[in-house]
Amino acid sequence: MASVSYQNVYKRWGDVVAVNDLTLEVADKEFMVFVGPSGCGKSTSLRLLAGLEEISDGQILIGDRVVNDVPPKDRDIAMVFQSYALYPHMSVFDNMAFGLKLRKMPKDEINRRVKEAADILGISQFLDRKPKALSGGQRQRVAVGRAIVRDPAVFLFDEPLSNLDAKLRVQTRAEITKLWQRLGTTFIYVTHDQVEAMTMATRIAVMKDGILQQVDTPQHLYDHPNNVFVAGFIGSPSMNFFDATLVEADGKVWVDGGTFRLEMPAVHNEIAQKHKGKEIIFGVRPEDIQTRIYAPPGIQPAYMDATIDVTELMGNEIFAYLLTGKKTFVARLDPRTQAHVGENLDLVVAMDKIHMFDPKTEARLV
């Protein structure tokens, strides 16, 4: 078991900086997820740890050992890729045992490790099959099993569920979480899917353009994003953003979005007084917008109206795409709401849950 430490790590290809001054501590037995859009540097960060790419600057430590110049095979890590990368001519057993055979491990120990991993993953009945006789989910389990048998200090996962269908992704991510709990090992997992990140991680590292934006627990990231990018990336549907101004009228401070004006609650009084008269980016999550009739109790309400543009009935909820002036935003409404395209809705915004950002820096106002 081991911790992982990135210390001022850079990766450059000519003038392109793929990873820019990454400093991050991953604790022993932690489930850390790197998340971000394509090209943000998350997979490169993982490959630098695995030794598959050379570090341009900085240090990476596994435990107390600097591994910059350590060959991949000697880093005590195991990696599961997006591609299953199974040998088609070998059985499941031989695929899982292949790395151990290369190490010239005793046959009895190989058999024990492979059978133990197969039991954990529920693929014991497939050990004699070839990969072509398995489903996608079963092949991915074999790929994970091949990593488990090595008994590494750190498991690395590079978008392992991307090739699976939606239902199987949900099932497999739960299995990976249970596997982490059972093995008690450090997991570092890369994905572009924020739902995977939110449901699996003990902590999430959000990246953009090679730069680490924020590291925190899933719930704290959701509730207290550091900037507009993190706020918009974490959460589905994404947070709504409005260009607005904090104005003072009738002894109160209001969020003025041009087509709406919302009263600021006392909980945000310090920010309101500090930034009144200034432009802001006003953010509110879809679940914090509801119709008056189904508004939850205990919130700090403010009221606005909007026209329904599109509705998506999800069964347990309705996603309503709404118009205020020319601005489109989305609300997550109670399924009992009678919402029809073209109608006007009286809405309640939970003002104690809103977010405010600086329009120049896009940083959170605190």
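This structure is a prediction, so every number in the text was calculated from the model and none was measured.

### Observations concerning the side chain of Gln 140
When you line up the elements, Gln 140 lands in helix α4 (residues 136-148). Look at Gln 140 and you get buried, because its relative accessible area is 2%. For Gln 140, the side chain forms a polar contact with the main-chain oxygen of Pro 160, separated by 2.2 Å.

### Let's talk about the nonpolar core
Phe 31, Met 96, Val 114, Phe 187, Tyr 189 and Val 206 are the most contacted members of the largest nonpolar core, which has 48 residues in total. When residues no more than four places from it in sequence are discounted, the contact partners of Val 206 are Val 35, Ile 211, Leu 212, Gln 213, Gln 214, Leu 221, Phe 229, Val 230 and Ile 234.

### Notes on the pairing of strand β12 (residues 252-256)
In summary, the side chains of a regular strand alternate between the two faces of the sheet. With 4 of 5 residues buried, β12 is to be regarded as a mostly interior element. Examined bridge by bridge, strand β11 (residues 240-249) and β12 share 5 bridges and lie antiparallel to one another. Bridge pairing in β12 places Glu 248 opposite Val 253. Where β12 and strand β13 (residues 261-263) come together, 3 bridges link them in antiparallel fashion. Each residue of the ladder has a partner; that of Val 255, found in β13, is Leu 262.

### Thoughts on the sheet that holds strand β7 (residues 154-158)
As summarised here, the arrangement of the 6 strands in space is β6-β7-β8-β3-β9-β10, forming an open sheet in which the pairing is mixed. If you trace the sheet from one side to the other, it starts and ends with β6 (77-80) and β10 (211-216), each paired once. Ignoring strand direction, the axes of neighbouring strands in this sheet form an average angle of 15°. Note that β6 and β7 share 4 bridges and pair parallel. Paired with Met 79 across the bridge in β7 is Leu 156. Running over the sheet, α4 touches β6 and β7 and is turned about 175° from β6.

### So, the side chain of Asn 95
Residue placement: Asn 95 occurs in helix α2 (residues 92-102). Here Met 90 takes part through its backbone oxygen, which lies 3.3 Å from a polar atom of the side chain of Asn 95. Beyond its immediate stretch of four places on either side in the chain, Asn 95 contacts Leu 86, Tyr 87, Met 90, Pro 131, Val 142 and Arg 146.

### A look at the pattern of salt bridges
Under the defined criterion, the tally for this structure stands at 15 salt bridges. Among the salt bridges present, the one from Asp 256 reaches Arg 261, with a minimum N-O distance of 3.0 Å. Taking relative accessible area as the criterion, Arg 261 reaches 42% and is therefore assigned partly exposed. Here the residues in one salt-bridge network are Glu 109, Arg 112, Arg 113 and Glu 116, joined through shared partners.

### Structural notes on the packing of aromatic side chains
The tally for this structure, following the rule as stated, stands at 15 aromatic pairs. Where Phe 241 meets Phe 357, the ring centres are 6.1 Å apart and the plane angle is 65°; that geometry is what we call edge-to-face. Residue Phe 241 is located in strand β11, and its partner Phe 357 is located in strand β20 (residues 355-357); the two are separated by 116 residues in the primary sequence. The class of Phe 357 is buried, set by a relative accessible area of 0%. Each ring, one from Phe 242 and one from Phe 329, has its centre 5.4 Å from the other, and the planes form 65°; the classification is edge-to-face. Highlighted residues: Phe 242 in strand β11 and Phe 329 in strand β18 (residues 327-333), separated in sequence by 87 residues. Looking at Phe 242, the relative accessible area reads 5%, which means it is buried. Exposure remark for Phe 329: the relative accessible area of 2% places this residue in the buried category. Within the aromatic cluster, the residues linked to one another by ring pairs are Phe 31, Phe 155, Phe 157, Trp 180, Phe 187 and Tyr 189. Against the face of Tyr 222 rests Arg 285, its NZ or CZ located 3.9 Å from the ring centre. We note Lys 327 situated over the ring of Phe 242; from NZ or CZ to the ring centre the distance is 5.6 Å.

Parameters and conventions
- Residues numbered from 1 in each chain as written.
- Predicted model: local features only at pLDDT ≥ 70, side-chain atom pairs only at ≥ 80, totals over all residues.
- Heavy atoms only, no water.
- Helix = DSSP H or I, 4+ residues; strand = E, 2+ residues; numbered from the N terminus.
- Buried < 20%, exposed > 50% of the residue type's maximum accessible area, 1.4 Å probe, protein only.
- Polar contact = N/O pair within 3.5 Å; in protein donor to acceptor, adjacent residues only side chain to side chain.
- Core = buried A, V, L, I, M, F, W, Y, C linked by side-chain atoms within 4.5 Å.
- Contact = heavy atoms within 4.5 Å.
- Pairing = 2+ DSSP bridges.
- Axes fitted to C-alpha atoms, helices over the stretch in contact; angles between N-to-C directions.
- Salt bridge = Lys/Arg side-chain N within 4 Å of Asp/Glu carboxyl O.
- Phe/Tyr/Trp six-rings, centres within 6.5 Å; stacked < 30°, edge-to-face > 60°.
- Lys NZ or Arg CZ within 6 Å of the ring centre and 35° of its normal.

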